[in-house]
Amino acid sequence: MSTTNVNIRMDTEVKQQFEAFCNEMGMNMSTAFNIFARKVVREERIPFEIGRDRPNTETLAAIQDVQRMKADPSYGKGYSDVHEMMKDLLSDDV
């Protein structure tokens, strides 16, 4: 079987962490990438879920608002009547 070289660019810190992991598993990075490539070819898919682990900016802002409301109940708008709250939520005055 002939081989070829592949160049991959990645963050230096990620490379160091990945290299350390591979060493702990008893292999080098080239072997790990070959395992990944063979699995992709065999299964015809990326062999793991790709997704966002962290909340996006809008969600982070909402989380911070909730934390602030918990710490300071006077922050934000409060309601004593669910109908009043729904009226505000459904109004176009945002």
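Details of the structure are given in the entry above.
Residues take numbers from 1 onward in each chain, read along the sequence in its written order. In keeping with the predicted nature of the model, local features appear solely for residues at pLDDT of at least 70, side-chain atom pairs appear and are counted solely at 80 or more, and the whole-chain, interface and lining totals rest on all residues. To get the side-chain values, all heavy atoms of the structure are used, and hydrogens and water are removed first.

Let's talk about helix α1 (residues 12-24)
Argument step 1. Numbering of helices and strands starts at the N terminus; helices are DSSP runs of H or I of at least 4 residues and strands are runs of E of at least 2. One fewer than the residue count of a helix, multiplied by 1.5 Å, yields its expected span. Between the first and last C-alpha of α1 there are 18 Å, a value that for 13 residues agrees with the 18 Å anticipated at 1.5 Å per step.
Argument step 2. N-cap assignment for α1: the residue whose side-chain oxygen lies 3.0 Å from the backbone N of Glu13 is Asp11.
Argument step 3. Of the residues trailing α1, Gly26 is marked for its positive phi of about 80 degrees. As used in this structure description, the phrase polar contact means that two N or O atoms lie within 3.5 Å; if the pair is within protein, one of them must be able to donate a hydrogen and the other to accept it, and residues adjacent in sequence are counted only when both atoms belong to side chains.

Considerations on the pattern of salt bridges
Argument step 1. Salt bridges are defined as contacts in which a side-chain nitrogen from Lys or Arg sits within 4 Å of a carboxyl oxygen from Asp or Glu. One pass over the structure, following the stated rule, counts four salt bridges.
Argument step 2. For Asp88, the salt bridge goes to Lys77, with nearest N and O atoms at 2.6 Å. One end of the pair, Asp88, is in helix α4 (residues 82-90); the other, Lys77, is in the loop between α3 (57-71) and α4, with eleven residues separating them in the sequence.
Argument step 3. The class of Lys77 is exposed, set by a relative accessible area of 58%.
Argument step 4. Connected through salt bridges with shared partners, the residues Lys39, Glu43 and Arg45 form a single ionic network. Under the scheme applied here, a residue whose accessible area is under 20% of the maximum for its type counts as buried, over 50% as exposed, and between as partly exposed, the area being computed with a 1.4 Å probe on protein chains only.

So yeah, pure geometry; function would need other evidence.
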